[in-house]
Amino acid sequence: MTKRMTLAATIKGVYAITPDCVDSADLLHRARMALAGGAKILQYRNKSANCEQRVEQAHALRMLTREFGALFIVNDDARLAAHVDADGVHVGATDDGVEVARTLLGMQKIIGVSCYNHLTLAHDAVNAGADYVAFGAFFPSAVKPGAAVATVGLLQQARRELNIPLVAIGGITLHNAGMLLHAGASALAMISALFQTEDITDAVKKMSSLFELYPQNGIS
């Protein structure tokens, strides 16, 4: 098994996505609390920072995830992911494709792709070499209020047809997460449900406990 396959197999559990945060010290504090709670993956997403700050924050988060043994994924920017030696990149429909990301990152890094509510996009991503795919939004999201709506049935079909990790995103909470895990989600990606709580560590611990009921949702 290659290093990339080994890393991809660990796309499971709580997938924490950082909120936009100008204060780097606050961002690192919040990320540390999520990782202390058991988040398996941390994705750096900051739509408001300038280039210099993005590099600074990404470097710091890369070091932090190594401290906790968690995967570090950069949102949208394969060049930044390569620069900070992230474990991979997550790209969307308007970003550089899997082929471009692979050229920039090499064969040993993880590439995830947002497929929204389209199973065809997921098959295309897999054929292009994606290591995991994400579907959503499954529920109303304050971060992306106009996001495409994905159904639990789509997730179930994807689990039947695809033998890679499936990430669910969009308005996920402790109260609705179970149905997504039951449908086959390998990981649950969240921003608000983790980072807008009074106790981030506790929120991650509670969400992580759900995965003990669904150990089969990784790569078979």
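In this report, we go over the structure that sits alongside the text. Residue positions are given per chain, counting from 1 as you read along its sequence in written order. In keeping with the model being predicted, local features are shown solely for residues with a pLDDT of at least 70 and side-chain atom pairs are shown and tallied solely at 80 or more, while totals for entire chains, interfaces and linings include all residues. Think of the side-chain values as coming from all heavy atoms in the structure, minus any hydrogens and water.

**Points about the overall build of the protein chain**
Part 1 of the reasoning: Of the regular secondary structure elements, the protein chain holds 10 helices and eight strands.
Part 2 of the reasoning: The reference for a compact globule is 2.2 Å times residues^0.38; the radius of gyration itself is calculated from the C-alpha atoms. Over its C-alpha atoms the protein chain spans a radius of gyration of 16 Å, differing by no more than 12% from the 17 Å that the globule rule assigns to 220 residues.
Part 3 of the reasoning: By principal-axis analysis of the C-alpha atoms, the protein chain measures approximately 40 × 40 × 35 Å.
Part 4 of the reasoning: Per-residue burial over the protein chain gives 52% buried out of 220 residues.
Part 5 of the reasoning: Considering only contacts within the protein chain whose residues lie at least 6 apart along the sequence, 62% involve residues at least 24 apart.
Part 6 of the reasoning: Averaged over its 19 positive side-chain charges, the protein chain has a centre that lies 5 Å from the centre of its 20 negative ones. Helical segments are the DSSP runs of H or I of at least four residues, strand segments are the runs of E of at least two, and each set is numbered from the N terminus. Only protein chains enter the area calculation, which uses a 1.4 Å probe; residues under 20% of their type maximum are buried, those over 50% are exposed, and those in between are partly exposed. Note on definitions: a residue-residue contact is assigned when non-hydrogen atoms from the two residues lie within 4.5 Å. For this count, His and the chain ends are skipped, Lys and Arg are scored as positive, and Asp and Glu as negative. A charged residue contributes its charge at one atom only: NZ of Lys, CZ of Arg, CG of Asp or CD of Glu.

**Topic: helix α3 (residues 51–68)**
Part 1 of the reasoning: Residue count minus one, scaled by 1.5 Å, sets the expected span of a helix. Taking 1.5 Å per residue as the helical rise, α3 with its 18 residues ought to reach 26 Å, and the 26 Å between its terminal C-alpha atoms agrees with that figure.
Part 2 of the reasoning: Restricting attention to buried positions, one finds in α3 the residues Q53, R54, Q57, A58, L61, R62, L64 and T65.
Part 3 of the reasoning: Tucked into the core, α3 has its buried residues touching α2 (24–36), β2 (41–44), β3 (71–75) and α4 (78–83).
Part 4 of the reasoning: Think of a polar contact as two N or O atoms within 3.5 Å of one another; within protein, one of them needs to be a possible hydrogen donor and the other a possible acceptor, and neighboring residues in sequence only count if both atoms come from side chains. The opening residue of α3 is N50, an N-cap whose side-chain oxygen sits 3.2 Å from the backbone nitrogen of E52.
Part 5 of the reasoning: G69 sits one or two residues past α3 and shows a positive phi near 70°.

**What to know about the nonpolar core**
Part 1 of the reasoning: With 63 residues, the main nonpolar core has V133, F135, L180 and L188 as its most contacted residues.
Part 2 of the reasoning: The element contributing the most residues to this core is helix α10 (residues 200–210), with five residues.
Part 3 of the reasoning: Nonpolar core, defined: a set of buried Ala, Val, Leu, Ile, Met, Phe, Trp, Tyr and Cys residues in which side-chain atoms within 4.5 Å join the residues together. By size, the runner-up hydrophobic cluster in this structure holds 14 residues, among which are L71, I73, A134 and V167.

**Describing the environment of L162**
Part 1 of the reasoning: Among the secondary structure elements, L162 is positioned in the loop between α7 (152–161) and β7 (166–169).
Part 2 of the reasoning: Under the relative-accessibility criterion, L162 is labelled buried at 6%.
Part 3 of the reasoning: Not counting the four nearest positions on each side in its chain, L162 is found in contact with L119, A122, H123, V126 and V133.

**Digging into the sheet that holds strand β4 (residues 88–91)**
Part 1 of the reasoning: Reading around the circumference, β1-β2-β3-β4-β5-β6-β7-β8 is the order of the eight strands in this closed barrel, with parallel pairing throughout. Within the sheet, the average angular offset between the axes of one strand and its neighbour, ignoring direction, is 25°.
Part 2 of the reasoning: As paired strands, strand β1 (residues 13–17) and strand β8 (residues 187–190) are joined by four bridges and run parallel to one another. Residue pairing across strands places G13 opposite A187, the latter belonging to β8. When DSSP locates at least two bridges between a pair of strands, those strands are taken to pair. To get an axis, fit a line to the C-alpha atoms, keeping to the stretch in contact for a helix; angles then go from 0 to 180 degrees between the N-to-C directions.

**A closer look at the packing of aromatic side chains**
Part 1 of the reasoning: Each Phe, Tyr or Trp ring, with Trp reduced to its six-membered ring, pairs with another whose centre is within 6.5 Å; inter-plane angles below 30 degrees give stacked pairs, above 60 give edge-to-face pairs, and intermediate values give tilted ones. Here the structure, examined in full by the defined rule, presents one aromatic pair.
Part 2 of the reasoning: Measuring from ring centre to ring centre gives 6.1 Å for Y15 and Y132, while their planes differ by 65°; the resulting arrangement is edge-to-face. Residue Y15 is located in strand β1, and its partner Y132 is located in strand β6 (residues 132–135); the two are separated by 117 residues in the primary sequence.
Part 3 of the reasoning: Using a relative accessible area of 0% as the deciding quantity, one classes Y132 as buried.

**Examining the environment of K205**
Part 1 of the reasoning: Relative to the assigned elements, K205 resides in helix α10.
Part 2 of the reasoning: Classification of K205 by relative accessible area gives partly exposed; the value is 47%.
Part 3 of the reasoning: Taking the C-alpha atoms as reference points, K205 and A36, 169 residues apart in sequence, are found 8.7 Å from one another.
Part 4 of the reasoning: Residue contacts for K205: discarding those within four places in its chain leaves A36 and G37.

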